[in-house]
Amino acid sequence: MLWYEGGMAVTDRLRPADVVGALLDRGLRMLITSVVDNAGVTRAKTVPAARLRRAARDGIGLSPVFALMCTDDAITTSPLVNGPVGDNRLMPDLSAAAPLGPDNTTFWAPADQLSQDHQPIPICQRSALRSQEQRAIAAGLDVRLGFELEFTVFAGTSDEPTVATLGPAYGVLATLKLEEFIVELMEALDAAGVAPEQLHPEYAHGQLEVALPPASPLAAADQSQLARLVIHRVARRHGLMVSFAPITVAGFVGNGAHIHFSASLGGVAFGSSDGPSEHAQYLIAGVLDHLDALTGVLAPSVVSADRRIPGNWAGAFACWGVENREAALRYVPGSISSRPDSANCELKIGDPSGNVYLSAASVLAAALDGLERQAVLPDGFDRDPTTYPEDEQPRRLPLTLEDALSALERSDVLRAALGDAIVEPFLAVRRNDAASLGQLSLEDRVRALRWRY
């Protein structure tokens, strides 16, 4: 197991005393441990029960070239990663280990990337989030993130998939059509420790959305990854397939990965029915100021810009508003019975092709920048931005992947938060995608990404 003391990795003993023994007693037969790479693809290694203690102590070998793997598994280049030379240690964080179902046979744990000397390395995306979480704590914030994941359920085969439901949008008939799958999914997520707050059919055919419980930033990102694995696993048990790609069927509304964030400061809640509190205004203003660069991190695939269009509730406009689902930032006062604890802000621009750890780290960095500068939050938009006169409309977020990546490249705030060792390989990977997959038709781009996520 990995934890940190004074910023240094400590792996010479287990805490609690025998977490490996506890996992084995629960029935663990194998452990899947994974990282999310710069293409947003989950890359994994697996160890049997007999090797679990050694993996927890020594880690598992991992080439640094994983930082340069592209969405189509091509390997690009970057001056900051030495290609096939060298080796890292993939260190499972057993404190976050969870079963992928009630049978307690296959467990998953997120992993940190360490050097051979078991020190944090600058290309580790999970460590980048941990660093921003520590910054937030040092600023006196108690941050909570909650992820909403949209995904498409298919029947048929991977070569000839068919959407598993034909609506109606948000309809009970779609729920009943997938009732057995949904019941088992709820049970599996509960067994994994990520009992969903709700699950419902979404707008597009075959599309579902699950809302995960809020948690501290690192735990919330881990929960997001765990939930995706559980959903894939349960779907297969029912002869179904799931895709978290930003667009799964050309012409359909795509899948989002919305981030809800809130933070109390010195006992002051994030907001109320009257609007965000003073410190929340600074945080929201910071995110608003960095939306273009954030788009490069949170929505970086070759179909992300095709999803982010007006009318899709995908945050196409650089603005905020109270309960405005067409704004990039939606302030949510919450139900009268749960205020003020339920007040939060939803960031709608993200999709599941982003690396969840980099997405969360970047949002925290932007929010903290707003807090440090006491950034001024402009007036919100109280209706669909397209209904305002043209000269009063908020600006559109980047219309192309390259525009979003260029904004990230120019962002001093996100560079400082993530580090050049992450940003440069990330840009190399996503630009390689743009140069290859990005030249295809929308239908072919959708097909190329459908089973990557």
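Keep in mind it's a predicted model, so treat the numbers as computed, not measured.

A.B. asks: When you look at the overall build of the protein chain in this model, what are you seeing that I'm missing?
C.D. replies: The number of helices and strands found in the protein chain is 14 helices and 19 strands. Taking 2.2 N^0.38 as the reference for a compact globule, 453 residues should give roughly 22 Å; the C-alpha atoms of the protein chain span a radius of gyration of 21 Å, in line with that estimate. If you line up the protein chain on its principal axes, its C-alpha atoms span 65 × 50 × 50 Å. A total of 453 residues make up the protein chain; the buried ones form 60% of that total.

A.B. asks: Got a minute to help me understand the nonpolar core in this structure?
C.D. replies: Across soluble globular proteins, you tend to see nonpolar side chains buried next to one another. Ranked by internal contacts, the top residues of the largest apolar core, which has 104 residues, are Phe151, Phe181 and Val287. By residue number, the principal contributor to this core is helix α10 (residues 356-373), which donates 12 residues. Ignoring sequence-local partners within four residues, the contact set of Phe151 consists of Phe181, Leu185, Gly206, Gln207, Leu208, Val210, Ile231, Val242, Ser243, Phe244 and Asn255. Membership of the second largest hydrophobic core comes to 18 residues, among which are Leu23, Leu62, Leu94 and Ala109.

A.B. asks: How should I be thinking about helix α6 (residues 217-237) in this particular structure?
C.D. replies: Two residues of an α-helix separated by three or four positions point the same way, owing to the 3.6 residues in each turn. Helix length check: α6, at 21 residues, gives a terminal C-alpha distance of 31 Å against a target of 30 Å (1.5 Å per residue), a fit within 8%. Most of α6 is tucked away, with 17 of its 21 residues classed as buried. Just downstream of α6 lies Gly239, where phi reads positive at about 70 degrees.

A.B. asks: For this particular structure, what's the right way to read the environment of Gly171?
C.D. replies: Note that Gly171 resides in the loop between β10 (161-163) and α4 (172-177). Among the residues examined, Gly171 registers a relative accessible area of 9% and is labelled buried. It is 24 Å that separates the C-alpha atoms of Gly171 and Gly315, two residues lying 144 residues apart in sequence.

A.B. asks: Is there a simple way to explain the environment of Val172 in this structure?
C.D. replies: Among the structural elements, Val172 can be located in helix α4. Using a relative accessible area of 55% as the deciding quantity, one classes Val172 as exposed. The sequence separation of Val172 and Thr106 amounts to 66 residues, and the corresponding C-alpha distance is 32 Å.

A.B. asks: Would you explain helix α14 (residues 442-449) in this entry?
C.D. replies: Within α14, burial applies to Arg445, Val446 and Leu449. Summarising the axial view, the buried residues of α14 lie within an arc of 100 degrees, below the 170-degree limit, and thus occupy one face. Tucked into the core, α14 has its buried residues touching α9 (304-307).

A.B. asks: Looking at this structure, I do not really get the pattern of salt bridges. What am I missing?
C.D. replies: Two side chains carrying opposite charge are able to pair once their charged atoms lie near each other. In this structure the tally under the stated criterion is 27 salt bridges. Here Arg395 and Asp292 are joined by a salt bridge, their closest N and O atoms 2.8 Å apart. Placement of Arg395 in the loop between α10 and α11 (401-410) and of Asp292 in helix α8 (residues 291-298) is noted, with a sequence separation of 103 residues between them. A relative accessible area of 42% means that Arg395 is categorised as partly exposed.

Conventions adopted
Residues numbered from 1 in each chain as written. Predicted model: local features only at pLDDT ≥ 70, side-chain atom pairs only at ≥ 80, totals over all residues. Heavy atoms only, no water. Helix = DSSP H or I, 4+ residues; strand = E, 2+ residues; numbered from the N terminus. Rg over C-alpha atoms; globule rule 2.2 N^0.38 Å. Buried < 20%, exposed > 50% of the residue type's maximum accessible area, 1.4 Å probe, protein only. Core = buried A, V, L, I, M, F, W, Y, C linked by side-chain atoms within 4.5 Å. Contact = heavy atoms within 4.5 Å. Expected span 1.5 Å × (residues − 1). Arc of directions from axis to C-beta. Salt bridge = Lys/Arg side-chain N within 4 Å of Asp/Glu carboxyl O.

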